[in-house]
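Secondary and tertiary structure notes
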Amino acid sequence: MGSPPSPLGLFWKTLFFYFLLVLVLRLMGKRELARLSPLDLVVTIMIADAAIIAIEEDRYPVWTGVIPVTTIALAEIGLSWGMLKSERIRRWVEGTPTLVISRGEIDEEKLRSLRYNLDELLSQLREKQIPDPREVEFAVLETGGKLSVFPKAEKRPATPQDLGMAPPPTDLAIPLVRDGKVDDKALEEAGKSRKWLEAQIQAHGLKGPEDVFLLTVDRKGNLFLQPKAKAGKSEPSPPGEGS
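Residues numbered from 1 in each chain as written. Predicted model: local features only at pLDDT ≥ 70, side-chain atom pairs only at ≥ 80, totals over all residues. Heavy atoms only, no water.

1. Re the environment of Arg134
Relative to the helices and strands, Arg134 resides in the loop between helix 7 (118–127) and strand 3 (136–141). Arg134 sits in the exposed class, given a relative accessible area of 60%. Ignoring any residue separated from it by four or fewer positions in sequence, one finds Arg134 in contact with Gly104 and Lys152. (Helix = DSSP H or I, 4+ residues; strand = E, 2+ residues; numbered from the N terminus. Buried < 20%, exposed > 50% of the residue type's maximum accessible area, 1.4 Å probe, protein only. Contact = heavy atoms within 4.5 Å.)

2. A few points about the sheet that holds strand 3
Spatially, the four strands line up as an open sheet ordered 2-1-3-4, and their pairing is antiparallel. In this open sheet, the two edge strands, each paired with only one partner strand, are strand 2 (105–106) and strand 4 (147–151). Bridge analysis of strand 1 (residues 98–102) against strand 2 gives two bridges, and the strand direction is antiparallel. Bridging across to strand 2, Ile101 finds its partner in Ile106. Docked against the sheet, helix 7 engages strand 1, strand 2, strand 3 and strand 4, running at close to 60 degrees with respect to strand 4. (Pairing = 2+ DSSP bridges. Axes fitted to C-alpha atoms, helices over the stretch in contact; angles between N-to-C directions.)

3. Overview of the confidence of the model for the protein chain
The share of residues in the protein chain with pLDDT of 70 or more is 87%, and the mean pLDDT across the chain is 82. Note that residues 236–243 has pLDDT below 50 and, in this model, 16 contacts with residues that lie over four places away or in other chains. (pLDDT = per-residue confidence, 0-100.)

4. Some thoughts on helix 9 (residues 194–203)
What helix 9 keeps buried is the set Trp196, Leu197, Ala199, Gln200 and Ile201. Looking at the packing, one finds that the buried side of helix 9 touches strand 5 (174–178), strand 6 (181–182), helix 8 (184–189), strand 7 (212–217) and strand 8 (223–227). With its phi angle positive at about 80 degrees, Gly205 sits one or two positions after the end of helix 9.

Structure below.
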């Protein structure tokens, strides 16, 4: 049994591996962070275990943790690149989507080959507000285990296209002020000036951006402003004409 690590050494090693793991996860890309597939879960656990061993074992130098973490990260990045370039590698690692319901009929053989039981299928259908498999045109079990369901035409909610309507496209609001901080790049993207921004804030009875929790504007000029809970009030003034 070795001696326990010193509190200061444990602190610095933990801090070092914290930033190393943040860097590694960033290098691995947003795909892994946004969706944990079985492969991603295994990689994440291996990286965490390698870092924990290096942190807890004081008799081991730091590089005994850096090498495994870096190796796993590079292997994952390399495999992700290979999956991007080769469909064969992608199928080998992730598998392929499987059609489990076709025109209201469940494919029993596909369920058995996937070891995907009927209760799981019915449960996922109920989660999508579909009580009866006969209402399903197609259902596909994706490689990550998610069930994609396409109801039959007569069971789908009516869309504006079905009703012959053409609603205006959805406009994306641009955040100009977040928690008292002005985003000058977003302000430029929206085609607005600081003078215009300050005029809008003052028109809402606030002193300045520091009193704004969130302020957004869309392409049509529609403004949303939510003041901070303890915002300082000022006398309202008419909005400026700047753009």
